[in-house]
Protein chains: 2
Amino acid sequence: MMTAGAAPILDSAIRSVAEAIDRQFDLLLTIPEDSRARLYDAMRHSAIGGGKRMRPLLVKASADLFAVSELSALRVGLAIECIHVYSLVHDDLPAMDNDDMRRGKPSAHKAYDEATAILSGDCLHDLAFTVLVEETTHPDPFVRCELVKALALASGPAGMAGGQMMDLVAETQPFDLGAVTRMQQLKTGALIDFCVEAGAILGRIPPEGRTHLHGYARDLGLAFQIADDLMDVDGDPERAGKTLGKDEAAGKATFVSLMGVDRARDQARALIDQAKSHLRGYGQEADLLRAIADFAIARDC
Amino acid sequence: MMTAGAAPILDSAIRSVAEAIDRQFDLLLTIPEDSRARLYDAMRHSAIGGGKRMRPLLVKASADLFAVSELSALRVGLAIECIHVYSLVHDDLPAMDNDDMRRGKPSAHKAYDEATAILSGDCLHDLAFTVLVEETTHPDPFVRCELVKALALASGPAGMAGGQMMDLVAETQPFDLGAVTRMQQLKTGALIDFCVEAGAILGRIPPEGRTHLHGYARDLGLAFQIADDLMDVDGDPERAGKTLGKDEAAGKATFVSLMGVDRARDQARALIDQAKSHLRGYGQEADLLRAIADFAIARDC
């Protein structure tokens, strides 16, 4: 599914964003010389060197559309990654998904302890807003307020955390395709939507000029989740860096369990084509968004 | 220690703030008609009908100094209460302080389950920022940014959550009076400081005009914590609505264990006198702040 020329633009962007995010986390999480050292250690353990940084990459890609400064995009990406990492730390807890491995390393509660894991997640949660609201992110306080508002919505009960609750309920209640879609739209979709909208917020594009971005984000988010479900069924645990096959073991309804592998794969491809169709008004400034869409389903399926 | 005339002003303010906060939480936490209902139920369980709402009261009292609108003070108080309640929910978890009772009710993980408790805390954490950043809180986005920045700092690793980590470490390491003071200044002091500063932020008083408020908050916060430690030693569990004697059982260093009951009580009184001395430049517009100071040590000691 990779379009010609997509790979190089994506590879170099992934590398530069991942390096920049690690560098920012390193600066943000300087270990203090008091008894909070363990807390900062735990935050660094979970935050540094992790994953492909798809969310900060999406912010950079959407910022490309509106000629937003690299620093602004990086700061917003850092804030989102704070939220994403905090959610992984809490989701991995024994009381939640009980995952011992994350990004190829012991998850926070295994490397440290549960209390430290909970607190390190809480702290990353706060740091997201600290990063967003500082002047370095954007000179206009109205823009910073809009970012804070959108991120708090995307990560809270009307977004990611609400979706995580739905996911917990899905272990005990039969979910149909509509319910799984709704759950995904909150659990992973809301944050992806914020990433894609962030470029427009930073570029001071009014809400009515962001419809196509929401369309792209919705289709990409769904495709991304289907690809994740496919990976859970037949992915390589070493490449994924986490325990696979958990949804099936828990008897949870997923896109794959409800549609079957083949239909799920077709659906993911159709969604990616649809995602890219929302970008038809753009030229090469949207190439990174297009490449990310292709990559979303090329990962392991 | 109650000054003449303090009680009526305080009683009526406590009642009206507590009612207003409950009403705001009721509106904020409308239960959705989907599988997130349990999550909202859990948030309501922890957030509504709880405590004396000392923190929102402090915001109102500091807002009185600068003729800030009631609604602005209430919204900031609501945001702080979101943070305070989320921290109680997480602190009560088995992996943290393992408390089964809170404000006279089963704590969230007992009334629901651990996963729901963790998520409901996370959601209240987000709601704090959602509330702060909305225009209803203050028309000026610069002011809203300042509020978000100060609250995120006060609740994160440089504030409350950092102090909670120090508190966990205190169970295994000997803490002296300096370390206990520093721990308290983060764990409870940072949020109290924000409450008292909030009136000045809302009133657009520049940072250099807030020194006396920080002085008041520091002394009040310390006195408040000493009173709390005293209550832990010889308070009435029914009135406190939580398990008492836990610090002693855990062998944790507290102001009381390090100073003894009598010296601790004297110290709390001296701090309250000092706290009120920071308000000497004000007339009756500071009466509520003075009454709160008196009340802080009159609760159970």
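Residues numbered from 1 in each chain as written. Chains lettered and ligands numbered in written order. Predicted model: local features only at pLDDT ≥ 70, side-chain atom pairs only at ≥ 80, totals over all residues. Heavy atoms only, no water.

Draft legend 1. Structural detail: the overall build of chain A. When helices and strands are tallied, chain A shows 15 helices and two strands. Taking the principal axes of the C-alpha coordinates as reference, chain A spans close to 55 × 45 × 35 Å. For chain A, buried positions account for 59% of its 301 residues. As displayed, chain A offers around 11,300 Å² of accessible surface, 50% of which is attributable to carbon and sulfur atoms. Computed over 32 positive and 45 negative side-chain charges, the inter-centroid distance for chain A is 2 Å. (Helix = DSSP H or I, 4+ residues; strand = E, 2+ residues; numbered from the N terminus. Buried < 20%, exposed > 50% of the residue type's maximum accessible area, 1.4 Å probe, protein only. Areas by Shrake-Rupley, 256 points an atom, 1.4 Å probe, with all protein chains shown as cover. Lys, Arg positive; Asp, Glu negative; His and termini not counted. Charge placed at Lys NZ, Arg CZ, Asp CG, Glu CD.)

Draft legend 2. Region of interest: the nonpolar core. Counting 212 residues, the largest nonpolar core has A:Leu151, A:Tyr216, B:Leu151 and B:Tyr216 as the members making the most contacts within it. Contacts of B:Tyr216, omitting those with residues within four sequence positions, involve B:Leu58, B:Val196, B:Ala275, B:His278, B:Leu279, B:Leu289, B:Ile292 and B:Ala293. (Core = buried A, V, L, I, M, F, W, Y, C linked by side-chain atoms within 4.5 Å. Contact = heavy atoms within 4.5 Å.)

Draft legend 3. A look at the state of the cysteines. All names here are of chain A. The full count for this structure, using the stated rule, is zero disulfides over all chains. The thiol of Cys195 is unpaired, and the distance to the nearest cysteine sulfur, on Cys82, comes to 13 Å. Judged by relative accessible area, Cys195 falls into the buried class, the value being 0%. (Disulfide = S-S within 2.5 Å.)

Draft legend 4. Representation of the interface of chain B and chain A within the structure. The interface of chain B with chain A comprises 48 residues on the first partner and 48 residues on the second. Both sides together, the interface formed by chain B and chain A hides about 4,000 Å², and carbon and sulfur atoms give 74% of it. Of all residues in chain B, B:Asp126, B:Pro157 and B:Met165 bury the most surface against chain A, accounting for 16% of the area lost on that side. Here chain B and chain A share two salt bridges between them. A salt bridge links A:Arg182 to B:Asp34; the shortest N-O distance between them is 3.9 Å. Joining chain B to chain A, the criterion identifies eleven residue pairs in polar contact (both at pLDDT 80 or more). For the side of chain B that touches chain A, the secondary structure elements donating two or more residues are helix H2 (37-47), helix H4 (70-91), helix H6 (114-133), helix H7 (141-155), helix H8 (160-170) and helix H9 (177-202) of chain B. Of all the elements, H6(B) adds the most residues to the side of chain B that touches chain A, at 13 residues. (Buried area = accessible area lost by both parts, 1.4 Å probe. Salt bridge = Lys/Arg side-chain N within 4 Å of Asp/Glu carboxyl O. Polar contact = N/O pair within 3.5 Å; in protein donor to acceptor, adjacent residues only side chain to side chain.)

Draft legend 5. Structural context of the side chain of A:Ser46. Among the secondary structure elements, A:Ser46 is positioned in helix H2 (residues 37-47). Once residues lying within four places of it in the same chain are set aside, the contact partners of A:Ser46 are A:Val85, A:Val89, A:Arg103 and A:Ala108.

Draft legend 6. Structural context of the packing of aromatic side chains. Per the stated rule, a full pass over the model turns up one aromatic pair over all chains. Ring geometry for A:Phe129 versus B:Phe129: centroids 4.3 Å apart, planes at 20°, classification stacked. You can see A:Phe129 sitting in helix H6 (residues 114-133) and its partner B:Phe129 sitting in helix H6, one on each of two chains. A residue is classified by how much of its surface remains accessible, and B:Phe129, at 0% relative accessible area, is buried. (Phe/Tyr/Trp six-rings, centres within 6.5 Å; stacked < 30°, edge-to-face > 60°.)

Draft legend 7. Spatial organisation of the relation of the copies chain B and chain A. Mapping chain B onto chain A leaves a residual RMSD of 0.0 Å; the transformation is a rotation of 180° accompanied by 0.0 Å of translation along its axis. Considering both components of the superposition, the chain copies are consistent with a two-fold axis. Looking at the rotation axis and the C-alpha trace of chain B, the residue lying nearest is B:Pro141, at 2.8 Å. Counting the interface residues of chain B, we find that 100% of their copies in chain A are interface residues as well, pointing to one common contact surface. (Least-squares fit on C-alpha atoms with pLDDT ≥ 70 in both.)

Draft legend 8. Local environment of the confidence of the model for chain A. Residues and elements named next belong to chain A. Scored by pLDDT, chain A has a mean of 93; 94% of the residues are at 70 or more. Counting interchain partners and residues more than four positions distant, the pLDDT-below-50 stretch residues 1-6 has twelve contacts. Our summary of model confidence lists the complex with pTM equal to 0.95 and ipTM equal to 0.94. (pLDDT = per-residue confidence, 0-100.)

Draft legend 9. Main features of the packing of helix H9 (residues 177-202) of chain A against helix H10 (residues 211-234) of chain A. Residues and elements named next belong to chain A. Viewed as axis vectors pointing N to C, H9 and H10 meet at an angle of 135°, and their least axial separation amounts to 8 Å. Here H9 lies oblique to H10, going by the angle between them. Helix-helix and strand crossings are classified by hand; for H9 and H10 the assignment is right-handed. In this structure, H9 contributes Thr181, Gln184, Gln185, Thr188, Ile192, Asp193, Val196, Glu197 and Ala200 to the contact, and H10 contributes Leu213, His214, Tyr216, Ala217, Arg218, Leu220, Gly221, Leu222, Phe224 and Gln225. For the contact of H9 with H10, the class distribution of residues is nine nonpolar, seven polar and three charged. (Axes fitted to C-alpha atoms, helices over the stretch in contact; angles between N-to-C directions. Parallel < 35°, antiparallel > 145°, perpendicular 65-115°, else oblique. Left-handed = near helix turned anticlockwise from the far one by under 90°. Nonpolar A, V, L, I, M, F, W, Y, C, P; charged D, E, K, R; others polar.)

Draft legend 10. Spotlight on the side chain of A:Ser107. Residues and elements named next belong to chain A. Turning to its location among the elements, Ser107 is positioned in the loop between strand E2 (105-106) and helix H5 (108-111). Taking relative accessible area as the criterion, Ser107 reaches 2% and is therefore assigned buried. If we skip the residues at most four places from it in the chain, Ser107 touches His45, Asp92, Asp99, Asp100, Met101 and Arg102.

Draft legend 11. Representation of helix H14 (residues 261-277) of chain B. Residues and elements named next belong to chain B. An ideal rise of 1.5 Å per residue puts 24 Å on 17 residues; H14 measures up with 25 Å between its terminal C-alpha atoms. Along H14, the residues that are buried comprise Ala264, Ala268, Leu271, Ile272, Ala275 and Lys276. Along the long axis of H14, the arc covered by the buried residues comes to 130°, so they all point the same way. Contacts made by the buried residues of H14 are with helix H10 (211-234), helix H13 (255-259) and helix H15 (287-298). (Expected span 1.5 Å × (residues − 1). Arc of directions from axis to C-beta.)

Draft legend 12. Region of interest: the packing of helix H3 (residues 54-65) of chain A against H9(A). All names here are of chain A. The contact between H3 and H9 brings their axes to 6 Å, and the two run at 30°. The orientation of H3 with respect to H9, classified from their angle, is roughly parallel. Pair H3 / H9 crosses with right-handed handedness. Side by side, H3 and H9 meet where Arg55, Leu58, Val59, Ser62 and Ala63 of the first sit next to Leu191, Ile192, Cys195, Val196, Ala198 and Gly199 of the second. Along the lines of polarity and charge, the residues of the contact of H3 with H9 split into eight nonpolar, two polar and one charged.

Draft legend 13. Inspection of the pattern of salt bridges at higher detail. Residue and element names in this part refer to chain B. For the structure on display, the rule yields 36 salt bridges over all chains. Across the salt bridge formed by Arg36 and Asp34, the nearest N and O atoms sit 2.8 Å from each other. Judged by its relative accessible area of 22%, Asp34 is partly exposed.

Draft legend 14. View of H15(B). Residues and elements named next belong to chain B. Counted at 1.5 Å a residue, the expected span for H15 with its twelve residues is 16 Å, and the 16 Å between its end C-alpha atoms agrees. For H15, the tally of buried residues reaches ten of twelve residues, placing the bulk of the element in the interior. Considered for burial, the residues of H15 that qualify are Leu288, Leu289, Arg290, Ala291, Ile292, Ala293, Asp294, Phe295, Ala296 and Ile297.

Draft legend 15. The arrangement of the environment of A:Ile31 in detail. All names here are of chain A. Tracing the backbone shows Ile31 in the loop between helix H1 (6-28) and H2. In this structure Ile31 comes out as partly exposed when scored by relative accessible area, which is 36%. Between the alpha carbons of Ile31 and Met43 there is a distance of 9.8 Å; along the sequence they are twelve residues apart. Excluding residues within four positions of it along the chain, Ile31 makes contact with Ala37, Tyr40, Asp41 and Arg44.

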